[in-house]
Amino acid sequence: MVLMTATLRDVTEQGLVYAPGVWDGLTAKLAEQAGFSALCASGFAVSAALGLPDAELYTMTENLQAVRTIGEASSLPLVADIDTGYGNAVNAARTAGRFAAAGVQGVFMEDQLSPKKCPICVGEPVDLISIEEASGKVRAVRDSLPDHVLMIARTDSRGDDAIRRATAYVDAGADMIMPVTKTFETADEWARCHDQVGVPLMATLTASTWTEREFTPEVLQQIGVRLALLPTQVLMAATGAAREALRRLAGGEAPADVSADALQHHEFIDLIGFPEVEAAQRKYLPADAKV
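To start, this report covers the structure provided alongside it. (Residues numbered from 1 in each chain as written. Predicted model: local features only at pLDDT ≥ 70, side-chain atom pairs only at ≥ 80, totals over all residues. Heavy atoms only, no water.)

1. Things to note about the overall build of the chain
Next, step 1: Helices and strands together make up the secondary structure of the chain, namely 14 helices and eight strands.
Next, step 2: With the principal axes as the frame, the chain shows a C-alpha extent of 65 × 45 × 35 Å.
Next, step 3: Counting all 291 residues of the chain, 47% fall into the buried class.
Next, step 4: Counted over contacts in the chain with a minimum sequence separation of 6, partners at least 24 positions apart contribute 72%.
Next, step 5: Carbon and sulfur atoms provide 55% of the accessible area of the chain, an area that totals close to 13,900 Å².
Next, step 6: In the chain, which carries 24 positive and 39 negative side-chain charges, the distance between the mean positions of the two groups comes to 3 Å. (Helix = DSSP H or I, 4+ residues; strand = E, 2+ residues; numbered from the N terminus. Buried < 20%, exposed > 50% of the residue type's maximum accessible area, 1.4 Å probe, protein only. Contact = heavy atoms within 4.5 Å. Areas by Shrake-Rupley, 256 points an atom, 1.4 Å probe, with all protein chains shown as cover. Lys, Arg positive; Asp, Glu negative; His and termini not counted. Charge placed at Lys NZ, Arg CZ, Asp CG, Glu CD.)

2. Re the nonpolar core
Next, step 1: Membership of the largest hydrophobic core comes to 63 residues, with the highest contact counts inside it found for Phe-99, Ile-177, Trp-190 and Phe-215.
Next, step 2: Excluding anything up to four places from it in sequence, Phe-99 contacts Met-60, Asn-63, Leu-64, Val-67, Ala-80, Ile-82, Val-104 and Val-107.
Next, step 3: Counting 15 residues, the second-largest nonpolar core is a separate cluster that includes Leu-8, Val-79, Met-178 and Leu-227. (Core = buried A, V, L, I, M, F, W, Y, C linked by side-chain atoms within 4.5 Å.)

3. Focus on the side chain of Asp-83
Next, step 1: Within the secondary structure, Asp-83 sits in the loop between strand 3 (78-81) and helix 5 (89-101).
Next, step 2: On the accessibility criterion, Asp-83 (0% relative accessible area) is buried.
Next, step 3: Here the side chain of Asp-83 touches Lys-116 through a polar contact of 3.4 Å, side chain to side chain.
Next, step 4: Among residues more than four places away in sequence, those in contact with Asp-83 are Asp-54, Glu-56, Tyr-58, Asn-63, Phe-108, Met-109, Glu-110 and Lys-116. (Polar contact = N/O pair within 3.5 Å; in protein donor to acceptor, adjacent residues only side chain to side chain.)

Structure, rendered in structure tokens:
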């Protein structure tokens, strides 16, 4: 894990923070170099990188390995998606503890019945565990985390029930509440949730959703959001570019023509850190070493 420059709690207390969804070391480096101040290990993106839909098909260990890789590549504070905690309250506490030991600065956990469903990928309301069970899981996770690590409770409920659940989760120790894009239909409802729960909110500005379109920085601040995730924008952009390059290559287009429209080799080797490795080799290896 690269040494952290600040905790997630620190940066969110200073104001609104955007965190792009990343899934490996390369995307973590790109986000840091772009100037972001925090990262999100997006479960949607981690799952997609394994060739799987976001339906809790991967294991806790697979998710944890992705988080460790991201943390080793970047010094930015990282918030991680731990899905449903991969079991009951005791399982969730162990999951959160493992992620905290890996260096994450925040975790978010949902109140869905496991295995979870991505709410933007299914039409019907998702199945939730009881408010009592969900509150117990929030309490167990909060108790398993160091004080500086944020416990963010996500609810996939809607309307008034979502506010009841959010209030209970705060009582159980949640530092932030995360409504999903289908939880409320207007920014005013988000503001009402913030007023009633008394803690900051985290929003997901998922690509092609109403929150992405309508939640400007001004709106986010007005409704009490301190952490705004961009969970799928980078994934969609990278997938689109890769699919187009592969289509052109498979169609017989000259590789040099495809490469001409992409990041150039010298830019990539600088980005990925070859100059730093070469400097270390010159510093530490014998002059005649073959590397």
